[in-house]
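# Commentary on secondary and tertiary structure
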Amino acid sequence: MAIYSILTEWGTFSYEGEDLGRGEVVKVPLRGGKVVGVVLGEGDWRGEVKPIIGKVGFSVPEDVLDLVEILSGYYLTPMGRFLPLILPPSLHRRAKVRYRRVLDNPPPLLRRDHLDLWEYLATWRPLSSIVRRFGEGARSILRVWVERGHVVRKEHFKVPQPGEVKLLEYEEPYDLPRKPTPHQERLLYRIGRAVGRGKYAAFLLWGETGSGKTYVYIRAAEEALGRGKSVLVLVPEILLSYHIARAFYEAFGESFAVYHSGITATQRSNVWFAARQGDVRVILAVKTGVFVPLRDLGLVIVDEEHEGSYKEEDRPPLFNARDVAVLRAFHGGAVAILGTATPSLESYHNVRRRKYILLRLRERIGEYREPEIVVVDMRGKRGVMSDEFKARLSETLEEGRNAIVFLNRRGFLPYYYCEDCGNPVKCPNCDTVLALHRNRRGEILKCHVCGHITAPPESCPVCGGPNLKGTGTGTQKVEDLLREEFGVEVARLDTDAVRRRREVIRILEEFGAGRLRILVGTKMVVKGLDFRNVGFVGVLNADSFLSRPADFRAEEKTYQTLVQVVGRIRTGGVALIQTKMPHHEVFRTILSGAGERFYASLYRRRGMVGLPPFRKMAVLEVRSRDPSQWRENESILEDFVATYDGDALLWGPYYPTLAKRKGWYRLRLTALADEHRPLHHLAREIERLPLKGQAIWDVDPYDLD
């Protein structure tokens, strides 16, 4: 018996066992029950230990274990937090087991009554048919033959594919062009050479909307598969990236599978095991799919690499799947392609530092036609929609084409307050103002952070006054205004309007068929939707993204979102943007199309102030349910900052914009450093502080509220 280090969700512990290899999944006793763990290797514990209960029957590849060891140190998060990400969602495999003999001639000393079974195994046979024909006793015979190497056992996992899952029926089949454009051909030559070398390389594919990035992805994937490699494709949101899923499915058929929360845990587990044994060679997934154990990984594709959806922000580990994908390619000797029309400044920085190779696609292909872009100055104007907005939208509808209206505020009246004392009505769980919503039952107040719902109070909770009202404009109100103004079918697409994927599908099917004429919503309506009948896109209150002083990425995100908005028009039309800041550089860039000049300017300004990507940033958030602990933690961190003499620059402690969120009182400390090592040392020092509650590190934060 030997001592082994076993990784569990609660940490790494020592157990006694035998014949265990690194990566094997086992069950161990912990906290009065049985938990699943992964063997990290032999340990050196000399005290008394408990025995391992047993093996689960499969293992996590060593390269995935090595990856999460690196990520644990980088993201300042215990390795056990990654365990649910590297294990299949369900440990119970639902596979069809098949057997086939290896030799033509029967092995020596084969019993005569087993000869029929031997002959039956000349081709692959399912276990169910073997047992049905030869009885239950065949199981033990097969086990012996497998151990002796006479028979091969294989598990076949049925994996979900777009045609079976039926995520979106409104999409037309993807027609792969017969040959690439000259620009695409030059890019594919460079990618193909990199894949052929079998060594790490990273490309930033900066392609304009409609320039054929999906075609490049598929041809690059074909190159990788032709060399016996597998391919991982990451998308920010599977539901709104379905055209890519369809394109890959039509190109690779049964070698392709999807992996995301829209399929069951058992289906995701089947994909995991099929990838582990090499039956599936191409997987399209959302961020958690970056850990799926594909064999012989040769190509990693990250579509819309700038999207914040790749960053985990709800629960540790707070990783960025884009960066993890590149790291996985680096350690696996694979090629990484990061595709986008609006690069993140981090990827732009990596091009400038020659860590990534820039591939530029400027030429648009097919029937794509540039829309007319109009920026409307809303200074001094009243009302939600300008006269020009209404006129252009009306013209589009008269032409028989559809429209998309984008607003970054949910609800009917987003701000509910007392007219007597001016105080807003706040959520009891969060430091947010409740928004007024209307439904079939009447009016409700809702928190857009935690989802708390209550009836509007009859009097002000602060002064007792009776004059309560809502103000502002949300998507629900815009939906009503559009329906009343234009007399056509209008649908709303935001997290309040659609609770299930099927509802999203129904709305998009109706919109694609022309039965719904106007689609209004939040960022859901501008992510990846591809409708040829859209002739108008309108943006209301485009300044909302720029009015977040705590977010140093505000300009970058605004530009990326507006380019996405304009990109929803594929066959000519009008993109109209309303703003009270018409002379801001972001809007001037949208009008001029000088994106590269904008990035150069933004990059220079970011460097002057020493913010990411020029320096590493990490945010420590200390959460407590008890407000007294909240204040105690603040005092502890203030004393620490006053005496800190390390190499990181510290800001804080301070309260974030939402000082209370989902019942947690929050306190933050921000650290900046030229490299990661000072952040690692800082985290070790803070570990020794007597902080109360939860202490969570967010390395490379994306959203700063």
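This text gives an overview of the structure that appears in the document. (Residues numbered from 1 in each chain as written. Predicted model: local features only at pLDDT ≥ 70, side-chain atom pairs only at ≥ 80, totals over all residues. Heavy atoms only, no water.)

### A closer look at the pattern of salt bridges
Put simply, the test is: Note on definitions: salt bridges are taken to be side-chain nitrogens of Lys or Arg within 4 Å of carboxyl oxygens of Asp or Glu. Helix and strand assignments follow DSSP, with helices taken as H or I runs no shorter than four residues and strands as E runs no shorter than two, numbered in order from the N terminus. Partly exposed residues are those whose accessible area sits between 20% and 50% of the maximum for their type, while under 20% is buried and over 50% is exposed, using a 1.4 Å probe and protein chains only.
Overall, the coordinates contain 41 salt bridges when judged by the stated rule. Between R360 and E596 there is a salt bridge; the shortest N-O distance is 2.8 Å. Of this pair, R360 sits in strand β16 (residues 357-361) while E596 sits in helix α18 (residues 595-609), and the two are 236 residues apart along the sequence. Among the salt bridges present, the one from E632 reaches K692, with a minimum N-O distance of 2.9 Å. Of this pair, E632 sits in helix α19 (residues 627-643) while K692 sits in the loop between α20 (677-687) and β32 (694-699), placing them 60 residues apart in sequence. In this structure E632 comes out as partly exposed when scored by relative accessible area, which is 35%.

### Here we look at the side chain of T522
Heads up, the condition is: In this description, contact between two residues means that some pair of their heavy atoms is separated by no more than 4.5 Å.
One can find T522 in the loop between β25 (518-521) and β26 (534-539). Leaving out residues up to four positions away in the same chain, T522 has contacts with F406, L407, N408, R409, R410, T475, L493 and D494.

### As for the packing of aromatic side chains
The test is simple: Centres within 6.5 Å are what make two rings of Phe, Tyr or Trp a pair, Trp counting through its six-membered ring; a difference in plane orientation under 30 degrees is then read as stacked, over 60 as edge-to-face, and the rest as tilted.
The full count for this structure, using the stated rule, is 24 aromatic pairs. Here the aromatic rings of F58 and W272 are separated by 5.5 Å at their centres, their planes lie at 70°, and the arrangement is edge-to-face. Of this pair, F58 sits in strand β6 (residues 54-59) while W272 sits in helix α10 (residues 265-276), and the two are 214 residues apart along the sequence. W272 matches F58 in its accessibility class, with the two residues each being buried. A centroid spacing of 6.4 Å and a plane angle of 75° characterise the contact between W206 and Y348, whose relative ring orientation is edge-to-face.

### Observations concerning the sheet that holds β16
In plain terms, the rule: Criterion used throughout: strands pair if DSSP finds at least two bridges between them. Fitted lines through C-alpha atoms give the axes, limited to the stretch in contact for helices. The angle between two N-to-C directions lies from 0 to 180 degrees.
One open sheet accounts for seven strands, arranged β12-β13-β11-β14-β15-β10-β16; its pairing is parallel. Of all the strands in the sheet, just β12 (256-259) and β16 have a single pairing partner and so form its edges. Within this sheet the neighbouring strands show an average axis-to-axis angle of 20°, counted without direction. In the packing of helix α7 (residues 182-197) onto the sheet, contacts are made with β10 (201-207), β15 (335-340) and β16, and the angle to β16 comes to roughly 155°. Along the sheet face, α10 touches β12 and β13 (282-285) and points at about 135° away from the line of β12.

### Concerning α20
Residue pairs spaced three or four apart in an α-helix point in one direction, given the helix's 3.6 residues per turn. Formally: Note that the arc is defined by the directions from the helix axis to the C-beta atoms.
Inspection of α20 places P678, L679, L682, A683 and I686 among the buried residues, and these make up the whole buried set. Looking down the long axis of α20, one finds its buried residues gathered within 140° of arc, a one-sided arrangement. Turned more than 90 degrees from where α20 packs its buried face, R677 and E687 sit exposed. Packed against the buried residues of α20 are β28 (616-624), α19, β29 (649-654), β31 (664-673) and β32.

### Remarks on the sheet that holds strand β17 (residues 372-377)
Taken in spatial order, the six strands of this open sheet run β17-β27-β26-β18-β25-β24, and their pairing is parallel. Sheet topology places β17 and β24 (490-493) at the edges, where each strand pairs with a single neighbour. With strand direction ignored, the average angle separating the axes of adjacent strands in the sheet is 15°. By the bridge criterion, six bridges tie β17 to strand β27 (residues 574-579) in an arrangement that is parallel. Along β27, the bridge assignment pairs D377 with T579. Each of β17, β18 (402-406), β26 and β27 touches helix α16 (residues 554-566); the most contacted strand, β26, lies at about 155° to it. Relative to β17, helix α17 (residues 585-592) is tilted by about 155°, and along the sheet it contacts β17 and β27.

### Details of the packing of α16 against α18
Our working definition: Our angle categories are set so that under 35 degrees counts as roughly parallel, over 145 as roughly antiparallel, 65 to 115 as roughly perpendicular, and the remainder as oblique. For any helix crossing, the convention is left-handed if the near helix is rotated counterclockwise from the far helix by under a right angle, and right-handed if that rotation is clockwise. Charged residues are taken to be Asp, Glu, Lys and Arg, nonpolar residues to be Ala, Val, Leu, Ile, Met, Phe, Trp, Tyr, Cys and Pro, and polar residues to be all remaining types, Gly included.
The contact between α16 and α18 brings their axes to 11 Å, and the two run at 165°. Comparing the axis directions of α16 and α18 gives the class roughly antiparallel. For the element pair α16 and α18, the recorded crossing hand is left-handed. Judged by residue contacts, E555, E556, Y559 and Q560 of α16 engage G595, F598, Y599, L602, R605 and R606 from α18. Among the residues making up the contact of α16 with α18, the classes are represented as four nonpolar, two polar and four charged.

### Section: the pairing of β13
Stated precisely, the cut-off is as follows: Every crossover in which the path from the first strand over the helix to the second runs clockwise, viewed with the strands pointing away from the viewer, is termed right-handed.
Here β13 shows two buried faces, one formed by V282 and L284 and the other by I283 and A285. Judged from the four bridges that link them, strand β11 (residues 230-234) and β13 form a sheet pairing that is parallel. Each bridged residue has a counterpart across the sheet, and for L234 the counterpart in β13 is A285. Of the pairings in the sheet, the one linking β12 to β13 comprises four bridges and is parallel in character. Of the residues in β13, the one forming a bridge with F256 is V282. With respect to chirality, the unit in which β12 leads through α10 into the neighbouring parallel β13 is right-handed.

### Quick look at the side chain of H150
You can see H150 is positioned in the loop between α5 (138-148) and β9 (151-157). Once you skip the residues sitting within four places of it in the chain, H150 turns out to touch R101, V102, L103, P107, W118 and W145.

### Looking at a nonpolar patch on the surface
To keep it simple, the criterion reads: Any residue with relative accessible area above 30% and no salt bridge may belong to a patch, with like charges joined within 9 Å and the nonpolar Val, Leu, Ile, Met, Phe, Trp and Tyr side chains within 5 Å. Areas reported here follow the Shrake-Rupley algorithm with a probe of radius 1.4 Å; residue values treat only the protein chains shown as occluding.
A surface patch of nonpolar side chains, amounting to about 300 Å² of accessible area, comprises V102, L103, W124 and V152. Assessed through its relative accessible area of 42%, V102 is described here as partly exposed.

### So, the nonpolar core
To keep it simple, the criterion reads: Side-chain atoms within 4.5 Å link the members of a nonpolar core, which is a set of buried Ala, Val, Leu, Ile, Met, Phe, Trp, Tyr and Cys residues.
Ranked by size, the top nonpolar core spans 77 residues in total, and within it V60, L234, I283 and F291 carry the most contacts. Residue contacts for L234: discarding those within four places in its chain leaves A285, V286, G289, V290, I301, V302, D303, Y310, A321 and A325. If you look at the next biggest cluster of nonpolar residues, it comprises 39 residues, including F531, V566, F598 and Y603.

### As for helix α12 (residues 345-352)
Within α12, seven of the eight residues are buried, which leaves the element mostly enclosed by the surrounding structure. For α12, the full list of buried residues reads L345, E346, S347, Y348, H349, N350 and V351. On the buried face of α12, the contacting elements are β10, α11 (321-332), β15, β16, α16 and α18. Positive phi appears at R354, one or two residues downstream of α12, with a value of about 65°.

### Observations concerning the packing of α17 against α18
Between α17 and α18, the least distance of the axes is 9 Å, while the angle of their chain directions is 155°. In this view, α17 runs roughly antiparallel relative to α18, as classed from their interaxial angle. Judged by residue contacts, E585, V586 and T589 of α17 engage G595, F598, S601 and R605 from α18.

### Some thoughts on unusual backbone geometry
Each neighbour pair has its own omega, and for P316 with P317 the value is 5°, a cis peptide bond. With respect to the helices and strands, P317 occurs in the loop between β14 (297-303) and α11. Look at the link from G652 to P653: it is a cis peptide, with omega at 5°. Mapped onto the fold, P653 is located in strand β29. One non-glycine residue with positive phi stands out, namely R354, at about 65°. The backbone of D700 shows a phi angle near 55°, a positive value even though the residue is not glycine. Considering the arrangement of structural elements, one finds D700 in the segment after β32.

### With respect to the environment of R100
Along the polypeptide, R100 turns up in strand β7 (residues 95-101). With near-sequence residues (within four places) excluded, R100 lies in contact with L121, A122, T123, W124, V151 and V152.

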